[in-house]
Each structure stands twice: as C-alpha cells, then as structure tokens.
Amino acid sequence: MKSALSLLALYVAQASAGTVIWNGFFNSSFTSSTFDQWSWSNQIAPWQWYIHGSAATSQYLGVSPNFKNPADTSEAQGLRTTIDGTAFWNGQTMERTEVIPQTSANLGTGHLYYHFSLKTSSTNAPNPGFEHQIAFFESHFTELKFGLISGASGTSDSTLRWDIGGVSQWTTTLQPNTWYNFAYDIDFSASTVGLWTSTGSDDLKQVIPNKSASTSTNSADWHIGVLRLPNGGTNAAAEDWFWSGIFIEQAPITTSIAGPKAGSAAPGSSTPVGSTTAVPTSSHSSTVVPVTTTSTASGPAQTQWGQCGGNGYTGPTTCASGFKCVAVSPPYYYQCQ
Ligand SMILES: *[C@@H]1O[C@H](CO)[C@@H](O)[C@H](O)[C@H]1NC(C)=O
Ligand SMILES: *[C@@H]1O[C@H](CO)[C@@H](O)[C@H](O)[C@H]1NC(C)=O
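Everything quoted here is computed from the prediction, not taken from an experiment.

### Re the sheet that holds strand β10 (residues 167-173)
Strand order in the open sheet formed by 7 strands is β2-β5-β14-β7-β8-β9-β10, and the pairing between neighbours is antiparallel. The sheet terminates laterally at β2 (47-51) and β10, the two strands that pair on one side only. Within the sheet, the average angular offset between the axes of one strand and its neighbour, ignoring direction, is 20°. Summarising the sheet, β2 and strand β5 (residues 95-101) pair through 4 bridges and their orientation is antiparallel. Following the sheet pairing, W47 is matched in β5 by P101.

### Some remarks on the site of ligand 2
Neighbouring residues of ligand 2: A190, T192, N210, K211 and S212. Looking at which element gives the most residues to the shell around ligand 2, the answer is strand β13 (residues 205-212), with 3 residues. Split by residue class, the shell around ligand 2 holds 1 nonpolar, 3 polar and 1 charged.

### Things to note about unusual backbone geometry
The phi angle of most residues is negative, glycine excepted, and most peptide bonds adopt the trans form. Residue P46 is reached from A45 by a cis peptide bond, and omega for that bond is 0°. Positionally, P46 belongs in the loop between α2 (32-35) and β2. In this structure, P252 follows A251 across a cis peptide bond, with omega equal to 5°. For P252, the position within the fold is in the loop between β15 (239-250) and β16 (307-309). The backbone of N90 sits at a positive phi, close to 60°, despite the residue not being glycine. Summarising the element assignment, N90 is placed in the loop between β4 (78-83) and β5.

### Here's the deal with the sheet that holds strand β17 (residues 325-329)
Pairing is antiparallel in the open sheet, where 3 strands are placed in the order β16-β18-β17. Lying at the two open borders of the sheet, with one neighbouring strand each, are β16 and β17. Pairwise comparison of adjacent strand axes, ignoring direction, gives a mean angle of 45° for this sheet.

### Some remarks on the environment of Y313
As for its placement among the helices and strands, Y313 is situated in the loop between β16 and β17. Given 18 C-beta atoms within a 10 Å radius, Y313 is considered partly exposed. Along the chain, Y313 and Q92 lie 221 residues apart, while their C-alpha atoms are 5.4 Å from each other. Those residues in contact with Y313, other than ones at most four positions away along the chain, are G91, Q92, T93 and Q307.

### Observations regarding the confidence of the model for the protein chain
With 83% of its residues at a pLDDT of 70 or more, the protein chain shows a mean pLDDT of 85. Scored below 50 in pLDDT, residues 1-16 shows 11 contacts in the model against residues more than four places distant or in partner chains. Counting contacts from residues 264-299, a segment whose pLDDT is below 50, to residues more than four positions away or on other chains yields 58 contacts.

### So, the environment of A213
Mapping A213 onto the fold places it in the loop between β13 and β14 (222-229). Along the sequence, A213 and A190 sit 23 residues apart, while their C-alpha atoms lie 9.1 Å from each other. The contact partners of A213, leaving out residues within four places of it in the chain, are F141, T142, I164, G165, S191, T192 and V193.

Definitions and cut-offs
- Residues numbered from 1 in each chain as written.
- Chains lettered and ligands numbered in written order.
- Predicted model: local features only at pLDDT ≥ 70, side-chain atom pairs only at ≥ 80, totals over all residues.
- Pairing = 2+ DSSP bridges.
- Helix = DSSP H or I, 4+ residues; strand = E, 2+ residues; numbered from the N terminus.
- Axes fitted to C-alpha atoms, helices over the stretch in contact; angles between N-to-C directions.
- Near = placed C-beta within 6 Å.
- Nonpolar A, V, L, I, M, F, W, Y, C, P; charged D, E, K, R; others polar.
- Buried ≥ 20, exposed ≤ 12 C-beta atoms within 10 Å, placed from the backbone.
- Contact = placed C-beta atoms within 7 Å.
- pLDDT = per-residue confidence, 0-100.

What follows is the structure in structure tokens.
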C-alpha cells in the first residue's frame, strides 16, 4: 500500500512538471566576482566563464535583483551581460560575453526544455545595425538572433528572431523593457526543436511545434549571452542584455514564469519539480552521464566550432584532424566544422 502510494506520488510529480537537470539560478549571495571563481583548473558549477574581453568581469557581467523578471520567484537575482568595444575574446573578430552551464549532467539526451527570459532596456540598448547571436549552441542548430543579419541589405533591423539552422521560424520586433520568456523544446532522440514563448508574467505557450533539426550538444556549449558581429568595424558603445530564469528540465514543460522552484523549500538544489519528498533525486541519477568538457580556446590547431579565419583574426587557421575550415560569415568569420 505504502509503495503503491509513493509510486502514485512519483507519477503525479513527474506528470505535473519536468525534472530540472541543471539550473543557473542566482541566489542572493551571487555577485559578478562569483563567476571569477571558475577556471579551467577549478571547474565549479553552475557557470563556466571564459568567453569575454580583457576588462574586469564586472564590466561584462552584473548580478542584481533588478535584473530578473519580477514574475520569476525561483531565484533572488538576474544577470546582466554587456557587450562593448573591448569584448573581443581570444584574438577573435567577434565581440563576446557568454556564460556556459558547468555541470556533469547530460544536457544532450532525451526531451529537454532549455528555459530563459531575456530583456533589453532603452539605456545601453542593443545596436540594430549589427548581427547578434544569442543563447546559441556552438553548432547553431537553434538560437535567437537580433539586428541586421550579416550580409543582409539595409542598415538596421530591430527584429528578434528564433532560428533553426540559420532559418528564422519565429520573429518579433524587440521592444525595450519587455521580458521575453523562452523555452527551446529540444528532443535529442527525435532530432526536433520547437519553441515556447511569452512576455512579462504570462505562461509559456507553444508557438512552433517540433521541427527537424541537427540537435546536438556536448553539454558545455549552450552560450548564455551575446556574440556581436561588428562587421569589420568597432563600436565601443555598451549594450546590456538581461537574463532571468535560466534552467534546463526534462519534459514535460514548466510553463509558469514563476519557475520550477515556486513554492519549493530547497533553493539551490536540483530537485524534481512539484514534488515534496516523494521523489528522491537519486532516482534520476542513472540518466546523468558525465561529459568531457572541451575548450574552444586556441591551440596549435583549432578545435571543432572554433574560429579559423576572418578579417583581423590572429588565431589558429588550421583545424584539428577531421574538421575543415568553413566560411560561415565571410569575410568576417570562418569556423572549424
Ligand atoms: C549561492 O550560489 C552559489 C553558486 O551557485 C553557491 O556556491 C552558494 O553556496 C550559494 N549560497 C547560498 C547561501 O545558498
Ligand atoms: C512531431 O510530433 C508529432 C507528434 O508526436 C509527430 O507525429 C511528428 O512526426 C513530429 N514531427 C517531427 C518533424 O518529428
């Protein structure tokens, strides 16, 4: 009787909402210097921090209660990522400020939802004349983009778009001071991607159903932040992007912007959503597979997805064995694939 009841509790917990397998929530103790505690020799969860320019971390990242979606009750603070004319990383010609999940969980198997909310402000607004790649994977199988796409005609474009393999599936005109909530609906088994979105405090709604995509991740290449293609120029004007509610869960989806921990007593831990004590977290540990973290930093030969050419680029131009240098955004950006 007792085991039948706990099975029922397990079923109810799993049917009502997904299981969080990684979260990047910011508690009240988190500051921009917390990111600096991460290094290649000290790979502490939950965030990798190495893709940035040469200035102090606080110039590129900020953490504050003012930076989160007020409807998000799962965390105390949100994140600011800033791109400016100093944000060139590792000899590259692109400006980049990106944090990446640090976890031993397998973020590339089964049916997962990648959640985040994004906002800009009329202060330090993004430049619509430049292409921005946002919340992307190294292979770019799905991502957001903003601004004038490299090579497109015109001088400015205020479209925020969601792409599969570089083809826009959903677009909106980016409005400052509006929270856009997203979940990438990624089925790594079926090789499909869909999109759920909403604004403000509204629940997420499916806007694009499952579509075929080359879904893959090494669990260390979901880039939270912004890559700006300055298209040969340099622009010192700072742009701020604000982030909130960043977590990855197994299906089914949590649609509330309050997030998976609304009402939960255990902030900071990855607990099954909607459960109290019925579901031990260890019941999911068999699905958690450690992955090897690879650096995209330059070496004698560039690694997969690393830059291998482009105007002004000074890093390695040969690719590691098995990969070739592909013109992704010529003449500015070539990548090992
Ligand atoms: C706040 O979050 C950081 C990073 O996730 C963690 O190391 C720290 O223990 C947390 N602090 C509290 C008081 O929960
Ligand atoms: C999307 O899901 C539906 C329902 O499960 C399925 O019938 C359809 O084949 C899927 N589409 C793709 C592209 O996998």
